[in-house]
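# Chain and residue survey
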Amino acid sequence: MVFERLREDIASFKQRDPAARGTLEIVLCYPGFHALVVHRMAHWLWNQNFHLLARIISYLGRIVTAIEIHPGAKIGRRFVIDHGTGVVVGETAIIGDDVTLYHSVTLGGTSPAVDSHNQVGQKRHPTVLDGAIIGSGAAVLGPITIGENARVGANSVVTRDIPASVTAVGIPAKVIMPRNKKKAQEFQPYGTPTDGGPDPVLQTIESLRGEVSTLMERVEELETQREDTGDADPKKKSGQAG
Ligand SMILES: CC(C)(COP(=O)(O)OP(=O)(O)OC[C@H]1O[C@@H](n2cnc3c(N)ncnc32)[C@H](O)[C@@H]1OP(=O)(O)O)[C@@H](O)C(=O)NCCC(=O)NCCS
């Protein structure tokens, strides 16, 4: 089961990082993969109430990878952190399946969310649902939800819920476009569609070509008409008139 999950994680890196060449490279050189393996161990210890040990393991992972994931964070399957440096995932963050984060993403809090006994324990960090892609440098803050298959643009700051299957960018992040539902099911590296509809320049050229050939047909038609009516040479006609 553990190895099956690891194999699945490696396959996700291969699938989502166009630069990934093979399993060995991912196992040896991918900080995002190392951080995930360390987190799985630390999270298991956290759930067994070995909190300090979990924190120590997580901290060692952070020294090696520059990725900080609190051992309390719940992370689903096939999670990919690409590049990784500067990623921070808070204690009460929940991440679904097939989520992708790029470097310097923060899944952080905005308030300590203390309860009536002054205990920090309520949910303070975001929930990122299945298939979401969060661009580099984005800060997703507070107990908000990023919807399934949503995309958050690089360097955005998100403090409100983002619906499923949309793209949100900016500070504060605003929804700029719905995401093609069919395409949203497939992962697109960097969140950017590579075949997102016809090229507008090509479309313009095609429509101009269509108009030119219609005009050519019309010119030929007019010339034929003129020949038929014996009006083929306007110069000759104007010479005769003069
Ligand atoms: C948000 C994102 C997914 C949108 O990609 P897309 O669907 O191809 O969208 P477009 O590039 O057509 O951009 C649509 C509009 O959003 C704007 N936009 C795109 N990304 C933006 C961002 N991060 N912040 C602010 N505006 C952004 C574009 O300027 C464009 O605006 P316009 O319509 O006024 O010209 C992509 O731009 C992005 O940020 N991906 C993350 C990439 C990343 O983190 N890479 C790191 C890999 S190392």
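The preceding data block contains the structure.
The shown structure was predicted, so the numbers you read here are calculated from the model rather than taken from an experiment.

Right, let's get into the nonpolar core. Core analysis: the largest hydrophobic core is formed by 30 residues, its most contacted members being V89, L101, L107, I134 and I146. When contributions to this core are tallied by element, the ones reaching two or more residues are α3 (31-47) and β14 (166-169). Apart from residues lying up to four places away in sequence, I146 is in contact with T127, V128, L129, A132, V140, V152, V158 and I162. Counting residues in hydrophobic clusters, the runner-up holds 7 residues, among them I10, A20, I26 and Y30.

We now examine the sheet that holds strand β2 (residues 74-75). One open sheet accounts for 4 strands, arranged β2-β5-β8-β11; its pairing is parallel. Lying at the two open borders of the sheet, with one neighbouring strand each, are β2 and β11 (145-146). Bridge analysis of β2 against strand β5 (residues 94-95) gives 2 bridges, and the strand direction is parallel. In the sheet register, I75 faces β5, and the bridge partner there is I95.

Turning our attention to the site of the ligand. In the neighbourhood of the ligand, 16 residues make up the surrounding shell, with S136, R151, A154, I176 and Y190 lying closest. R151 has a polar side-chain atom sitting 2.8 Å from an oxygen atom of the ligand. Here a nitrogen atom of the ligand sits 2.9 Å away from a polar atom, N or O, in the main chain of A154. Taken by itself the ligand offers 910 Å² of open surface, and the protein chains cover 53% of this. Taken together, the elements giving at least two residues each to the shell around the ligand come down to β14 and β15 (174-178). Here the residues of the shell around the ligand are counted per class, giving 7 nonpolar, 8 polar and 1 charged.

Moving on, we come to unusual backbone geometry. For the bond from I171 to P172, the omega torsion is -10°, close enough to zero to count as cis. Turning to its location among the elements, P172 is positioned in the loop between β14 and β15. Even without being glycine, R78 reaches a positive phi, approximately 55°. Along the polypeptide, R78 turns up in the loop between β2 and β3 (80-81). Accessibility expressed as a relative area gives 23% for R78, which makes it partly exposed. Although it is not a glycine, N155 sits at a positive phi angle of roughly 65°. Inspection of the secondary structure assignment puts N155 in the loop between β12 (151-152) and β13 (157-158).

One ladder, built from 4 bridges, connects β14 with β15; its direction is antiparallel. By the bridge assignment for β15, T167 is matched with M177.

Orientation of helix α1 (residues 2-16) relative to α3, taken along the N-to-C sense of each, is 155°, at an axis distance of 11 Å. Classed by the angle they form, the pair α1 and α3 counts as roughly antiparallel. α3 is crossed by α1, and the crossing has right-handed handedness. Counted together, L6, D9, I10 and F13 of α1 and G32, F33, L36, V37 and R40 of α3 form the full contact between these two elements. Among the residues making up the contact of α1 with α3, the classes are represented as 6 nonpolar, 1 polar and 2 charged.

Parameters and conventions
Residues numbered from 1 in each chain as written. Predicted model: local features only at pLDDT ≥ 70, side-chain atom pairs only at ≥ 80, totals over all residues. Heavy atoms only, no water. Core = buried A, V, L, I, M, F, W, Y, C linked by side-chain atoms within 4.5 Å. Buried < 20%, exposed > 50% of the residue type's maximum accessible area, 1.4 Å probe, protein only. Helix = DSSP H or I, 4+ residues; strand = E, 2+ residues; numbered from the N terminus. Contact = heavy atoms within 4.5 Å. Pairing = 2+ DSSP bridges. Near = heavy atom within 4 Å. Polar contact = N/O pair within 3.5 Å; in protein donor to acceptor, adjacent residues only side chain to side chain. Areas by Shrake-Rupley, 256 points an atom, 1.4 Å probe, with all protein chains shown as cover. Nonpolar A, V, L, I, M, F, W, Y, C, P; charged D, E, K, R; others polar. Axes fitted to C-alpha atoms, helices over the stretch in contact; angles between N-to-C directions. Parallel < 35°, antiparallel > 145°, perpendicular 65-115°, else oblique. Left-handed = near helix turned anticlockwise from the far one by under 90°.

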